[in-house]
Amino acid sequence: MHALIRTARTTGLLYLGLAITGALGFLLIRPRLFAAGDPGATLAHLVDHESLARAGVALELLIVVTKALTVAWFYRLFRTAHPLAASGIAAFGLVNAVAVLSSAALLATAVQVALAPIGDAAAVVQVLYLVSGNLWGVGAVFFGLWLIPMGSCVLRSGWMPRPLGWILIGGGIGYLLSAFIGYLAPDAQGIADALTVPATVGELWMVGYLLIRGVRRHALDQAPSGAPTAAPAAG
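This write-up is about the structure you can find in this document. Keep in mind that what you see is a predicted model, and the values were worked out from it rather than measured.

### Comments concerning the overall build of the protein chain
Looking only at helices and strands, one finds nine helices and zero strands in the protein chain. Of the regular secondary structure in the protein chain, the N- to C-terminal order runs α-α-α-α-α-α-α-α-α. Along the first, second and third principal axes, the C-alpha atoms of the protein chain reach 65 × 35 × 25 Å. Of all 235 residues assigned to the protein chain, the portion counted as buried reaches 47%. In the protein chain, the proportion of contacts linking residues at least 24 apart, taken out of those at least 6 apart, comes to 77%. For the protein chain, the accessible surface area stands at approximately 10,700 Å², while carbon and sulfur atoms represent 71% of it.

What follows is the structure, encoded as structure tokens:
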């Protein structure tokens, strides 16, 4: 198998891992533990479901690991096709990973406080979860930012369909707008959620394309044997 295909499929596999850990940790486990507006219930959930709470921390750490590895492989894939945009993917993706890492530390602290109470444990745990959620909220800015250079790499390299590149760029812009709307107009959450749809479509398309196709055939024709990436294609 050509080295470029291996790099593309490894990137897709890591990206899939990021999607799975993110869905399990943030979308599945967190809502079962955190009760907005009810600190006592949040504390009770952590005490009654300690294993689930610890699994939530572990999943956030796995999000960080898969994000960092995905960033590294995206950089490896696109570094010769579009060096500046590949560096943007790396920089913005790592900042987003640091935000999630900070969130994981807060969740771990919440579990410790719940099991060994300090002061008003319910209030402390609730604040820790609120700050954790807001780290995800502000981190969405850099999640949106990393999709924009990713789409640029798709357009510049010509290795994937051009519509995918435009959807990723549009999705990144949508995520940026969604993050600001979430704080400036909290009553417009429906609009904020709708703005993230293109990003989800673009990400799923990118994961599927990397895993199934890897890159277009002309990229393999241009790449030197054994090289992890190919020379830029006209975009």
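### What to know about the nonpolar core
One finds Tyr15, Phe74, Phe78, Trp146, Met150, Met160 and Met206 to be the most contacted residues of the largest nonpolar core, which totals 34 residues. At the level of secondary structure, the elements contributing two or more residues to this core comprise helix 1 (3-33), helix 3 (50-78), helix 4 (83-115), helix 5 (121-157), helix 6 (162-184) and helix 8 (197-212). Within the second largest apolar cluster, 18 residues are counted, among which are Ile29, Leu107, Val113 and Val125.

### Points about the packing of helix 5 against helix 8
Two elements in contact, helix 5 and helix 8, have axes separated by 12 Å at closest approach and are oriented at 50 degrees. By the angle between their directions, the pair helix 5 and helix 8 is classed as oblique. Read as a crossing pair, helix 5 and helix 8 show a hand that is left-handed. In this structure, helix 5 uses Phe143, Leu147, Met150 and Val154 to contact helix 8, whose residues at the interface are Ala199, Glu203 and Met206. Residue composition of the contact of helix 5 with helix 8, grouped by class: six nonpolar, no polar and one charged.

### With respect to a nonpolar patch on the surface
On the surface, Leu13, Leu16, Ile20, Leu24 and Leu28 cluster together into a nonpolar patch covering about 420 Å² of accessible area. Counting through the fold element by element, Leu16 comes out in helix 1.

Analysis parameters
- Residues numbered from 1 in each chain as written.
- Predicted model: local features only at pLDDT ≥ 70, side-chain atom pairs only at ≥ 80, totals over all residues.
- Heavy atoms only, no water.
- Helix = DSSP H or I, 4+ residues; strand = E, 2+ residues; numbered from the N terminus.
- Buried < 20%, exposed > 50% of the residue type's maximum accessible area, 1.4 Å probe, protein only.
- Contact = heavy atoms within 4.5 Å.
- Areas by Shrake-Rupley, 256 points an atom, 1.4 Å probe, with all protein chains shown as cover.
- Core = buried A, V, L, I, M, F, W, Y, C linked by side-chain atoms within 4.5 Å.
- Axes fitted to C-alpha atoms, helices over the stretch in contact; angles between N-to-C directions.
- Parallel < 35°, antiparallel > 145°, perpendicular 65-115°, else oblique.
- Left-handed = near helix turned anticlockwise from the far one by under 90°.
- Nonpolar A, V, L, I, M, F, W, Y, C, P; charged D, E, K, R; others polar.
- Patch = residues over 30% accessible without salt bridge, like charges linked within 9 Å, V, L, I, M, F, W, Y side chains within 5 Å.
- Salt bridge = Lys/Arg side-chain N within 4 Å of Asp/Glu carboxyl O.

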